[in-house]
Amino acid sequence: MNPVKQLEDFGQAIWLDFLARGFIAKGDLKALIDRDGVKGVTSNPSIFEKAIGSGDEYDSAISKLLKEHDRQVGELYEAVAVEDIQAAADMLRPVYDRMRGEDGYVSLEVSPYLARDTAGTLAEARRLWRDVKRDNLMVKVPGTREGLPAIEALTAEGISINITLLFSQAMYAQVLEAYIAGLEKFIANGGDPKKIASVASFFVSRIDVEVDKQLDAKIAAANDKDQKAHLESLKGKAAIANAKLAYQHYKKVIATDRWKKLTTKGARVQRLLWASTGTKNKAYSDVLYVEELIGRDTVNTVPPATLDAFRDHGKPRNSLEENVGDAERVLKDLAKTGISLDAITEKLVDDGVQLFADAADKLLGAVAQKRAKMLGSRIDGQTVDLGTDLDGQFKALIDSWSAEGKGRRLWNRDASIWSGSDESKWLGWLDAVEREQKSPQRYQTFADWVKQQQFTDAVVLGMGGSSLGPEVLAKTFGAAAGFPKLHILDSTDPAQVARMESTVKLGTTLFIVSSKSGGTTEPNVLMDYFFAHVGEALKDKAGSHFVAVTDPGSALEKTAKARGFAHIFYGAPSIGGRYSVLSPFGLVPAAAAGIDVGNFLDLTASIVRACGSDVPPRDNPGIQLGLALGAAYKAGRDKVTLSTSTQIADFGAWTEQLIAESTGKNSKALIPLADETLSKPDVYGKDRIFIDLNINSDKDSARAAALTALEKSGHPVIRIAVTDPAHIGQEFFRFEIATAVAGAVMGINPFDQPDVEAAKIKTRELTSAFEKSGSLPVEKSVAADGEIEIYTDQKNAEALKKAGANGGLESWLKAHLSRIGVNDYFALLAYVDRNGKNIESMQSARLAIRDKKHVATCVGFGPRFLHSTGQAYKGGPNSGVFLQITSDATKDLAIPGQKASFGIIEAAQARGDFGVLTERNRRALRLHIKGDAGAGLSKINAAIMKALN
C-alpha cells in the first residue's frame, strides 16, 4: 500500500497537518478537539475512539492518541520520501494559493434580475466583492449589452469577472475588449493586474439544439435529395464551429502589441470557458463538446455524467486548432440556408436570462415558502379561489409579472410599471416599517408622556388617511389600562361635533391634529373650535393638550408652534395620506392609546418581508392579492366586497379609501364595498369579487357558510386568516402593496387623486360667497314632498320626469332607481350625523336596494367620504347612481374666527360635491330634509321600500 495513502487513511486532516507544521503539543490537540470535536480534527475518528478505550479519562485518552500517532509516524517516516510528504501537505493548501491565482476561483452571480440593468449590476457586483472580501472571488456578470459597460468598469476597479451567457462571436469580441479596456484603466490607476482574473463563459450545445431544429424543418420541406443531404451534414456542427472561431479571435487578440504590453505588467489572459457541454442529442457522441474543445487557456465546465464518459472513452488532443477552415465553411453554409446564427444566439441570450431568472424565482419561492412555514401563525395566511372565470387571467398576470420582474421594479421605485409619471415620489410607504423600527423609542417616550399627563380621552382631528387608519386601531385594540380612550372626529356635521364635545372631558382630553398638508379644511376648523374651548378652561396652557402630526414645513406646523403644542410629529412627504397608517399618522395615535408600537411594527415586519422584492409573485401575498384584483377588474368584476370579523370591522372603511382613491380615475375604478352583510349568491351579479378577513378565533358560521356558497356558485373569493387582532398592521401593508399592484394592472397612477380637488374648489366658492353675503347662494328644488325637498340639475330632472317622476317623493325615487343598470352600483351619500341610528337607517335602505335590484350598493357619510370613495365616484367610470341626502342643522355651531359655521361648511361641501357629480354627467338626485334628520331618513327609507315594489 502507498505509504502516503496509509497516512491519509489514518486521518488526513490532522496527520498531514502535523507533518506539514511540526508536532503540536498535547494541550493544543486538546484545544482542537474541544473546539471542533473529534470529526473536526481527524477524518478517521474510529482510531481516536480505539485509542481512547473504555473508561479512560480525557487526558489519558489524549496521551494514548498522541502515542499512537508517534508510533505510526515513526513507522512511516522512513518509508515516505520527504518530497512526497511535502507534496501531500501542499495538497491541503487552497487551490488558489497552490496555483498562485491561476485557478481556484469561486463564482458568485449578480442577481439574474439585473441582466438588463447596468447600474444595478454594478451596484450588486460591488456589494458582493465588498462583502465576500476574498481574492479568489469571481463575480458573474451576464454577457448582455447592458452587461458590457459593467464588465469594463468592474475590471477597472480590480474585480475579477466571469462573463456568462455568451453565445455569439460578436458579443464575445466585445466582452474581450471590455476586459482589456478595464485592465488598461486599472493599470493606469496604479493597480496590479496579477490580482485580476477573468473567464468568458461561452455556451455551446444549446446552439446546436436551436440550429438543428431549424435544419430539421428545412429538411422536411426540401424536395431535392442532395439538398436534404447537405442540410443533414450541417447538423451538430454549428456550435463547435462557432466556438472554434471565437477561440481564433482570442488568439488573434493576445498576439497584438496591445496585449503584449499588458502581459509585461503581469496581466492574465481572459480564458474561454466552455459551458453547456453536455450532449443533448443522443445521436451525437456523448463527449462531443469536450473532445472538440480542448486547447490552451480554456476551461470546460463538464457535467458529471459527461466527465465520467470522457474518463471512460474520451480522446484528449489539441482539437481547437484543428479544421478551422471547415468551421468557417460550416457557418457560411448555414447562413446560405437562411438560418441566422445571430438571431439564434440573440434568442438564446434572452432565453438564458429568463431561465436564470426563473431558477432564481424557484429558489426564492422555496425560501419564501419555508419562511412562511416556519413563521406559521406569526404571519397571516391567504387563500385565493377565483373560479374558472378569472383563474386563467390571474395565472397569466402572475407569469407576466414574474417574466418582467415587476415586483422587483415596484420595490426599485420604477414608475414605468404604472403610468410613468411621478409614482416614484410616492413610495416612501414601502420602507416605512423598517424606518420606524429604527426609532421606536420616540413613540414609547410619547406614550409615557401621555400616561403621565393622565389624559382620559384622545381625539384625532383629521380626514381620510389621517383618520381612517387610527379609527381601525382604536376599534381593534380598544383602550389600554392607564391610557386615554381614542376617538376619531372626521366630520363637520354640527351634531357630530357637539356629540364628541359632550362625550369627552375637555380638561383631560388630548387632541391630535392630523393633516399632511396642514391646509385641509376639516381638521383646521375642528382644531380652532376645540383649541378655543379648551382655552376657556386652561387659558394659555391649551397648547399642552394638543399634538400635531403633519409634513415638514406645513401650515399646521407653523400653527402648532405658534400655539405651543406639546409635540409635533413629522410625516414623510414621500407617503400619501391613504398609505400613511404605518407612519406617524397612524403610530402617534396608536402610542397615545397605549398600543405597543414596537411590537406592532415587529408583527407587521413579517408581512413586509413576505411581500418583499425577493419574493416571486406567485409566493408574494401582497402581489398575489393585487393581481387577483387586477384580473377581476379586467374581467369586469370591479366591485370589491369586503367582509370581516366584527373586531376588525373598521378595516373595511380604511380599505375603501385606499382602493377607491387609488384606482378611481381616468374612467376606471375598483369600487370597494364595506360593511355589507353577505347574502345568497343569486343576489349578486357577475361584477363582484369578495375578500374576507377572519380572525382565527372568530367562529362566525353564518359568514363562513355564505362565503362557501359564493365560492361554489363561481364567485371569486379571497380569504385572509388573521391570526390575531394585533396583526392588523400586516393587513394594512398587504392591502397597500395589493392596491399599488392592481393600479399597475389597470394602467393608472395609484398615488394621485386628480378629482378630489374639484369638490374642494366648489366648496371654497360657496363658503367665499357666504363670507361676502352672509348666506349661501339660493337654490331651487325641482319638487318637494312635505319636509323633503328634491334637487338635481336640469339634465337629470328631465331624464327622471321621463322615467315617471311626477311630484311625490316615491315617484322620484322610483324613477331614479329605475336608472340602475346591470353592473352599475348605487351609492347613498348622507351629510348627516354619523350616529348609530342613522347608520342603521342607511344600511337598511342600501341592502334593500341590493337585494331587489341585484346590484352593488354602498353608503358614505359626508364629508368623510369626500376624502375616500368620493374620488372614484367622480373620476371612475360612469356606472354609479347616486342619492345624496342632506339636512338642516337643528343646532349649528360657530367656528372661532370665521363667519361660516360648521353647518354652513357642511352644506357647502354637500352642494359642491353634488355639483361636481352632475357636471360629470352622473345620475344623481339630492333629497334635503327640513327639520329632524332622523325623521326625514325614516320617511326616505319608507319611500325607497315602496319604490322598489
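Source: prediction; values computed, not measured.

Glancing now at the environment of Ile-219. Within the secondary structure, Ile-219 sits in helix 10 (residues 205-221). Residue classification places Ile-219 among the buried residues on the basis of a relative accessible area of 13%. C-alpha of Ile-219 to C-alpha of Ala-229: the two residues are ten residues apart in sequence and 8.4 Å apart in space. Setting aside its immediate chain neighbours within four residues, Ile-219 contacts Lys-228, Leu-231, Glu-232 and Lys-235.

Take the pattern of salt bridges next. Tallied over the full model, the rule gives 61 salt bridges. Lys-939 is the salt-bridge partner of Glu-787, the closest N and O atoms lying 3.6 Å from each other. Note that Glu-787 is positioned in the loop between strand 17 (783-785) and strand 18 (788-791) and Lys-939 in helix 38 (residues 933-948), a separation of 152 residues in sequence. Notably, a salt bridge pairs Asp-851 with Arg-850, separated by 2.8 Å at the nearest N-O pair. Residues joined in a network through salt bridges with shared partners are Glu-676, Arg-688, Arg-846, Arg-850 and Asp-851.

Take the packing of helix 34 (residues 809-817) against helix 38 next. Interaxial distance between helix 34 and helix 38 falls to 8 Å at its minimum, and their mutual angle equals 55 degrees. In terms of orientation, helix 34 lies oblique with respect to helix 38. Regarding helix 34 and helix 38, the two cross each other, and that crossing is right-handed. Every residue of helix 38 that contacts helix 34 at Leu-809, Glu-810, Leu-813, Lys-814 and Leu-817 is listed here: Lys-939, Ile-940, Ala-943, Ile-944, Lys-946, Ala-947 and Leu-948. Split by residue class, the contact of helix 34 with helix 38 holds eight nonpolar, no polar and four charged.

The pairing of strands in a sheet comes from backbone hydrogen bonds and takes either a parallel or an antiparallel form. The sheet built from six strands is open, its strands ordered 1-2-3-4-5-6 with parallel pairing. Each of the sheet's edge strands pairs with one partner strand only, and the pair in question is strand 1 (106-109) and strand 6 (298-300). Each strand of the sheet is rotated relative to its neighbour by a mean of 25 degrees, with strand direction disregarded. The pairing of strand 3 (residues 161-166) with strand 4 (residues 198-203) spans four bridges and is classified as parallel.

The next subject is the packing of aromatic side chains. Two aromatic rings are characterised by how far apart their centres lie and by the angle between their planes. Per the counting criterion, the structure on display carries 33 aromatic pairs. Three or more aromatic residues joined by ring pairs make a cluster, and in this case those are Phe-511, Tyr-529, Phe-530, Phe-531, Phe-546, Phe-565 and Phe-902. One Lys or Arg, Arg-408, reaches over the ring of Tyr-113 and ends 3.1 Å from the middle of that ring. Over the face of the ring belonging to Tyr-791 we find Arg-926, whose NZ or CZ atom lies 4.5 Å from the ring centre.

Moving on: the sheet that holds strand 14 (residues 671-673). The sheet built from five strands is open, its strands ordered 7-16-15-13-14 with mixed pairing. Edge strands, defined here as strands with exactly one partner in the open sheet, are strand 7 (381-385) and strand 14. Taken over all neighbouring pairs, the strand axes of this sheet differ in orientation by 15 degrees on average, direction set aside. The pairing of strand 13 (residues 639-644) with strand 15 (residues 688-695) spans six bridges and is classified as parallel. Along strand 15, the bridge assignment pairs Thr-644 with Leu-693.

Turning our attention to the nonpolar core. In terms of nonpolar packing, the biggest core is built from 95 residues, with Trp-429, Phe-446, Leu-510, Ile-691, Phe-732, Phe-735 and Ile-737 touching the most fellow members. Considering each element in turn, this core owes the most residues, twelve residues, to helix 31 (residues 728-746). Once residues within four sequence positions are removed from consideration, Phe-732 is found in contact with Gly-469, Val-472, Leu-473, Val-581, Leu-582, Phe-600, Phe-651 and Trp-654. Listed in part, the 78 residues of the second largest apolar core include Val-141, Tyr-172, Tyr-289 and Leu-293.

The next point concerns helix 33 (residues 794-802). Considered for burial, the residues of helix 33 that qualify are Asn-796, Ala-797 and Leu-800. Down the axis of helix 33, the sector holding all buried residues measures 100 degrees, keeping them to one side. The exposed residues of helix 33 that point more than 90 degrees off its buried face are Gln-794, Lys-795 and Lys-802. Phi turns positive one or two residues past the end of helix 33, at Gly-804, with a value near 115 degrees.

Looking now at the confidence of the model for the chain. Per-residue confidence for the chain gives a mean pLDDT of 91, with 90% of residues at or over 70. Scored below 50 in pLDDT, residues 1-30 makes 65 contacts in the model with residues more than four places away or belonging to other chains. Taken as a whole, residues 36-56 scores under 50 in pLDDT and shows 30 contacts with residues more than four places along the chain or in a different chain.

Turning next to the pairing of strand 1. In this sheet, strand 2 (residues 137-142) lies alongside strand 1 in parallel orientation, the contact comprising four bridges. The residue of strand 2 that forms the bridge with Val-106 is Leu-137. Following the backbone out of strand 1, through helix 7 (residues 118-132) and into the adjacent parallel strand 2, one traces a crossover that is right-handed.

So, on to the side chain of Ser-811. You can see Ser-811 is positioned in helix 34. Side chain to side chain, Ser-811 and Asn-806 meet in a polar contact 2.8 Å long. With residues near it in sequence (within four places) discarded, Ser-811 still touches Gly-804, Ala-805 and Asn-806.

What follows concerns the environment of Ala-635. Tracing the backbone shows Ala-635 in the loop between helix 28 (621-634) and strand 13. Residue class for Ala-635 comes out partly exposed when judged on its relative accessible area of 44%. Sequence separation between Ala-635 and Ala-590 is 45 residues, and the spatial gap between their C-alpha atoms is 39 Å.

Turning our attention to the packing of helix 29 (residues 651-663) against helix 31. Two elements in contact, helix 29 and helix 31, have axes separated by 10 Å at closest approach and are oriented at 20 degrees. When the interaxial angle is binned, helix 29 and helix 31 end up roughly parallel. With respect to the hand of their crossing, helix 29 and helix 31 are arranged in right-handed fashion. Within the contact between the two elements, helix 29 uses Phe-651, Trp-654, Thr-655, Leu-658, Ile-659, Ser-662 and Thr-663 and helix 31 uses Ile-728, Glu-731, Phe-732, Phe-735, Glu-736, Thr-739 and Met-746. A class-by-class count of the residues in the contact of helix 29 with helix 31 yields eight nonpolar, four polar and two charged.

A cis geometry characterises the amide bond from Gly-862 onward to Pro-863, with omega recorded as 0 degrees. Of note, Pro-863 is situated in the loop between strand 20 (856-861) and helix 36 (870-875). Backbone geometry at Gln-454 places phi at a positive 60 degrees, although glycine is not the residue there. Take Gln-454: it is sitting in the loop between helix 21 (440-453) and strand 8 (457-461). Residue classification places Gln-454 among the exposed positions, given a relative accessible area of 64%.

With that out of the way, let us pick up the environment of Tyr-247. With respect to the helices and strands, Tyr-247 occurs in helix 12 (residues 238-254). Taking the C-alpha atoms as reference points, Tyr-247 and Ala-360, 113 residues apart in sequence, are found 31 Å from one another. Not counting residues within four places of it along the chain, the set of residues in contact with Tyr-247 comprises Leu-272, Gly-295, Arg-296, Thr-298, Leu-320 and Glu-321. Only 2.8 Å separates the side chain of Tyr-247 from the backbone oxygen of Arg-296, close enough to count as a polar contact.

Cut-offs used in this document
- Residues numbered from 1 in each chain as written.
- Predicted model: local features only at pLDDT ≥ 70, side-chain atom pairs only at ≥ 80, totals over all residues.
- Heavy atoms only, no water.
- Helix = DSSP H or I, 4+ residues; strand = E, 2+ residues; numbered from the N terminus.
- Buried < 20%, exposed > 50% of the residue type's maximum accessible area, 1.4 Å probe, protein only.
- Contact = heavy atoms within 4.5 Å.
- Salt bridge = Lys/Arg side-chain N within 4 Å of Asp/Glu carboxyl O.
- Axes fitted to C-alpha atoms, helices over the stretch in contact; angles between N-to-C directions.
- Parallel < 35°, antiparallel > 145°, perpendicular 65-115°, else oblique.
- Left-handed = near helix turned anticlockwise from the far one by under 90°.
- Nonpolar A, V, L, I, M, F, W, Y, C, P; charged D, E, K, R; others polar.
- Pairing = 2+ DSSP bridges.
- Phe/Tyr/Trp six-rings, centres within 6.5 Å; stacked < 30°, edge-to-face > 60°.
- Lys NZ or Arg CZ within 6 Å of the ring centre and 35° of its normal.
- Core = buried A, V, L, I, M, F, W, Y, C linked by side-chain atoms within 4.5 Å.
- Arc of directions from axis to C-beta.
- pLDDT = per-residue confidence, 0-100.
- Right-handed = clockwise from strand over helix to strand, strands pointing away.
- Polar contact = N/O pair within 3.5 Å; in protein donor to acceptor, adjacent residues only side chain to side chain.

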